[in-house]
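Chain by chain, the residues:
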Amino acid sequence: MGILEELGTNRRTTLGPRYLIGRHAPCDLRPQDPRVSGEHAIVRWIEGRWELKDLGSKNGTFLDGRRLGPGERTPLGPGAVVTLGGEGVGFVLVDATAPVPAARCVRTGELRSAADHVLVLPSEDRPLVTVFEDSAGRWVAEREEGTAAVEDHALLVVEGEPWQLLLPTAIRATWDAGAGLVLEAIGLRFSVSPDEEHVDVSVLHDSGVLPLAPRAYHYVLLTLARARAEHRAGSPEDRGWVDRDVLCGMLGVDQWKLNVDVCRIRKQLAEMGIHGAASIVARRPGTAQLRIGVDRLEIIARKP
């Protein structure tokens, strides 16, 4: 992710995909040097790179000592030095990699970043809201009561605390079908020990089989896979849904533990480069029902 380091203090700030710099309250970075304008400059991720733009500042925006013209846009590379107001506040771009989905707490300024494009709020241990890209490439926020589309800089209130979303809008506008696997095209194979203490899961795809590292939360996937495999009648839209409370009873967990396990399942598949991995466990709109997000399922009972 992009990181600016302040010259002299070495304080670091993580860049969102659109990062406004100035002394006014709405700005993301607010230097208090009087030579900095209210809305001085903007750094943003666009077309696969970082870009700096002067916003008509009174005392100028400088890149590596060169003053930008009013409204001028210029690429920012690693090590670039940005100075605001001549000899005023300066920063160096120490990390020029692409931004990741993140959210900043409006009250405290705490920044939470996504892991493998799955963002959970308010914390990993209490994932009340999950923000991810759906199969259509839209950012959505998932709560217990349903899922809704969200956009960059939208506010989400979680347990009474407002969080501002910082969502990339140009990183994966077009997904390269040759770059990895897509959730809709894979299957899952489960190999279950006789006592069901051990569940091995593998991803099935056109080129072969990819085993997943064993995890205790794979039993959640197995339970959902069984529910979908057992309900083949009816329309595809209605197959395999399980009420959350019923699922918790089957697993012997509460809803918070279930949320954490679902979050971990999504991240494990995302780490494998599977596009749309967050939909491996889907929630039915307007209900408290969940189901496994793939239809190709194999469940094998291992012999004693």
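Residues numbered from 1 in each chain as written. Predicted model: local features only at pLDDT ≥ 70, side-chain atom pairs only at ≥ 80, totals over all residues. Heavy atoms only, no water.

Trainee: Can you explain the sheet that holds strand β25 (residues 281-283)? Please cite residues and give values.
Mentor: Pairing is antiparallel in the open sheet, where 3 strands are placed in the order β23-β26-β25. The two strands at the open ends of the sheet, each matched to only one other strand, are β23 (242-243) and β25. Bridging between β25 and strand β26 (residues 289-292) involves 3 bridges; their strand directions are antiparallel. Across the sheet, the residue bridging to R283 is L290, located in β26. Packing of helix α1 (residues 218-230) onto the sheet brings it into contact with β23, β25 and β26, and relative to β26 it is tilted by some 90°. (Pairing = 2+ DSSP bridges. Helix = DSSP H or I, 4+ residues; strand = E, 2+ residues; numbered from the N terminus. Contact = heavy atoms within 4.5 Å. Axes fitted to C-alpha atoms, helices over the stretch in contact; angles between N-to-C directions.)

Trainee: Any chance you could break down the side chain of S202 for me, citing the residues and the numbers?
Mentor: Mapped onto the secondary structure, S202 falls in strand β21 (residues 199-205). If near-sequence neighbours (up to four positions away) are discounted, S202 is found in contact with G187, L188, R189, V209, L210, P211 and L212.

Trainee: Now, about the sheet that holds strand β5 (residues 49-54): what can you tell me, with residues and values included?
Mentor: Spatially, the 4 strands line up as an open sheet ordered β3-β4-β5-β8, and their pairing is antiparallel. Bordering the open sheet on either side are β3 (18-21) and β8 (73-76), each of which pairs with just one other strand. When strand polarity is set aside, the average angle formed by the axes of neighbouring strands in this sheet is 25°. In the sheet, strand β4 (residues 41-46) pairs with β5 via 6 bridges, with the strands oriented antiparallel.

Trainee: Now, about the packing of aromatic side chains: what can you tell me, with residues and values included?
Mentor: A full pass over the atoms with the stated rule returns 1 aromatic pair. Residue placement shows R126 over the ring face of W256; its charged tip is 4.5 Å from the ring centre. (Phe/Tyr/Trp six-rings, centres within 6.5 Å; stacked < 30°, edge-to-face > 60°. Lys NZ or Arg CZ within 6 Å of the ring centre and 35° of its normal.)

Trainee: Could you give me a rundown of unusual backbone geometry, with the residues and numbers involved?
Mentor: The step from L121 to P122 runs through a cis peptide bond, and the omega angle for that step is 0°. Structurally, the position occupied by P122 is in strand β13 (residues 119-123). In the Ramachandran plot, E159 falls in the positive-phi region, its phi being about 55° despite a non-glycine side chain. Mapped onto the fold, E159 is located in the loop between β17 (155-158) and β18 (161-166).

Trainee: Can you tell me about the confidence of the model for the protein chain, naming the residues and giving the values?
Mentor: Summarising the model, the protein chain shows a mean pLDDT of 88, and 94% of its residues fall at 70 or more. The least confident element of the protein chain is strand β2 (residues 12-14), whose mean pLDDT is 83; the most confident is strand β20 (residues 187-192), at 96. Segment residues 170-179: pLDDT under 50, and 10 contacts once partners within four positions in sequence are set aside and those in other chains are kept. (pLDDT = per-residue confidence, 0-100.)

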